[in-house]
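Here's the letter readout for the chains.
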Amino acid sequence: MQVHHTIASLRQALATAPRAFVPTMGNLHEGHLSLVRQAKAEMAVQHGGGPVVASIFVNRLQFAPHEDFDTYPRTLERDCALLEGAGCDFVFAPSEAELYPEPQGYKVMPPSELADILEGHFRPGFFTGVCTVVHKLFNIVQPTLAAFGKKDYQQLMVIRRMVAQLALPVQIIGGETTRSDESGNEGLALSSRNGYLSEAERAEALRLSRTLKAMIARWQGGERDVAAIEAAALQALREAGWAPDYMVLRRQRDLGAPVEGAPLVVLGAARLGTTRLIDNLEL
């Protein structure tokens, strides 16, 4: 596995081969590694093989001033060892000065109806930062396909829309959420920020996916008062000491209001102590 820190050296190494891409902010876990393996397998099926490139870059543009940019864990040596074990071929780990040699005045701004709801409402500008860095990384890596995790459900949707509307020649594949060892959908969705949780908080964190499952059970049991389902979920978390941002039932297609017969998804974001967790489950 090769590690590159400059755009020029990466481009020279990649030459003309079709390739897959897995963008990350580092501090990797099994969810990231599963995306690498999935991308590798897709390349084998679709193209008879091809390298996988993973990027490691903590993107300042998607952090608000009060968020954890400065304290976000940076574990490059460990991350590279994990990526090599997962079959990654190239790592692109640029410095901030390499990726943003001057202030990034040109930005990709996704439409407000998708980017300013849910995560975008509570983290203004987040998806502009995500789209800008992903578009820039696509231009650098020029992948044939790119893999993103479904844990960041809205982000995956935003990226897919960006690729479609800007006619980018990249196939986007979504990887299923990787969870902790607990059985079924109650396992804690793996996240780089789970490392902020204490041992007691990790046990309590399972409540988020269980609350999402309870929302699904009410809908599948015939209840159609969406506001009541959502309010009950919010109240359940508050009573347990959480500070929820949202617990919603939406259409998978566009995160709009539920429609009978349409595939749905429940999504939630809540703060446990000082750690903000997100999760979702598809119906």
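Refer to the structure printed above.
Residues numbered from 1 in each chain as written. Predicted model: local features only at pLDDT ≥ 70, side-chain atom pairs only at ≥ 80, totals over all residues. Heavy atoms only, no water.

As for the overall build of the protein chain
Logical step 1: Regarding its fold elements, the protein chain presents 11 helices and nine strands.
Logical step 2: Taking 19 Å as the expected radius of gyration for a compact globule of 283 residues, we find that the protein chain reaches 19 Å, a close match to that expectation.
Logical step 3: Reported as C-alpha extents along the three principal axes, the dimensions of the protein chain are approximately 55 × 40 × 40 Å.
Logical step 4: Looking at the 283 residues of the protein chain, the share that counts as buried comes to 52%.
Logical step 5: By element, 52% of the accessible surface of the protein chain is carried by carbon and sulfur atoms, the whole surface being about 13100 Å².
Logical step 6: A gap of 3 Å separates the mean positions of the 28 positive and 32 negative side-chain charges of the protein chain. (Helix = DSSP H or I, 4+ residues; strand = E, 2+ residues; numbered from the N terminus. Rg over C-alpha atoms; globule rule 2.2 N^0.38 Å. Buried < 20%, exposed > 50% of the residue type's maximum accessible area, 1.4 Å probe, protein only. Areas by Shrake-Rupley, 256 points an atom, 1.4 Å probe, with all protein chains shown as cover. Lys, Arg positive; Asp, Glu negative; His and termini not counted. Charge placed at Lys NZ, Arg CZ, Asp CG, Glu CD.)

Some remarks on the sheet that holds strand β6 (residues 171-175)
Logical step 1: Taken together, the six strands give an open sheet; going across it, the order is β1-β4-β3-β2-β5-β6, and neighbouring strands pair in parallel fashion. Of all the strands in the sheet, the pair left with one neighbour each is β1 (2-4) and β6. For this sheet the average axis-to-axis angle between neighbouring strands, irrespective of direction, equals 25°.
Logical step 2: The strands touched by helix α2 (residues 30-47) are β2 (20-24), β3 (52-56), β5 (145-149) and β6; relative to β5, the strand with the most contacts, the crossing angle is about 150°. (Pairing = 2+ DSSP bridges. Axes fitted to C-alpha atoms, helices over the stretch in contact; angles between N-to-C directions. Contact = heavy atoms within 4.5 Å.)

So, unusual backbone geometry
Logical step 1: We note that Gln142 has phi near 50°; this positive angle belongs to a residue other than glycine.
Logical step 2: Note on placement: Gln142 falls in the loop between α7 (126-141) and β5.
Logical step 3: A positive phi angle, close to 55°, is found at Ala167, a residue other than glycine.
Logical step 4: By the element assignment, Ala167 lies in the loop between α8 (153-165) and β6.
Logical step 5: The exposure class assigned to Ala167 is exposed, which follows from its relative accessible area of 62%.

A look at the sheet that holds strand β7 (residues 243-251)
Logical step 1: Reading across the sheet, the three strands line up as β7-β8-β9 and stay open at both edges, with antiparallel pairing between neighbours. For this open sheet the edge positions go to β7 and β9 (275-282), each flanked by a neighbour on one side alone. Strand-to-strand twist of the sheet, defined as the mean angle between neighbouring strand axes without regard to direction, takes the value 10°.
Logical step 2: Packed onto the sheet, helix α10 (residues 206-220) meets β7, β8 (264-272) and β9 and runs at close to 35° relative to β9.

Describing empty space enclosed by the protein
Logical step 1: For the coordinates displayed, the defined rule picks out one cavity of 30 Å³ or more.
Logical step 2: Taken as a whole, the largest cavity holds about 70 Å³ of empty space.
Logical step 3: Looking at the lining of the largest cavity, the elements that each hand over two or more residues are α10 and β9.
Logical step 4: If one sorts the elements of the lining of the largest cavity by residue count, β9 sits on top with three residues.
Logical step 5: Tallied by class, the residues present in the lining of the largest cavity amount to six nonpolar, four polar and three charged. (1 Å grid on protein atoms, 1.4 Å probe; cavity = no way out; pocket = protein on both sides within 12 Å on 5 of 7 lines; lining within 4 Å. Points joined across faces, edges and corners; volume = space filled by probe spheres on them. Nonpolar A, V, L, I, M, F, W, Y, C, P; charged D, E, K, R; others polar.)

Thoughts on the layout of surface pockets
Logical step 1: Approximately 200 Å³ is the volume attributed to the second largest pocket.
Logical step 2: Forming the walls of the second largest pocket are 15 residues, and the residues nearest its centre are Ile56, Phe57, Val58, Arg74 and Pro94.
Logical step 3: The class makeup of the residues in the lining of the second largest pocket is nine nonpolar, three polar and three charged.

Details of α8
Logical step 1: The terminal C-alpha atoms of α8 lie 19 Å apart, and with 13 residues this matches the ideal 18 Å at 1.5 Å per residue to within 8%.
Logical step 2: When we look at burial in α8, the residues that qualify are Tyr153, Gln154, Gln155, Leu156, Met157, Val158, Ile159, Met162 and Val163.
Logical step 3: Ala167 sits one or two residues past α8 and shows a positive phi near 55°. (Expected span 1.5 Å × (residues − 1).)

Brief notes about the nonpolar core
Logical step 1: Ranked by size, the top nonpolar core spans 42 residues in total, and within it Phe138 and Ile172 carry the most contacts.
Logical step 2: The set of elements that each furnish at least two residues to this core consists of α1 (7-14), β4 (90-92), α5 (112-115), α7, β5, α8, β7 and β8.
Logical step 3: Among residues more than four places away in sequence, those in contact with Phe138 are Phe21, Pro143, Ala146, Phe148, Met162, Val163, Leu168, Val170 and Ile172.
Logical step 4: With 23 residues, the next largest nonpolar core counts Leu208, Ala233, Leu249 and Leu264 among its residues. (Core = buried A, V, L, I, M, F, W, Y, C linked by side-chain atoms within 4.5 Å.)

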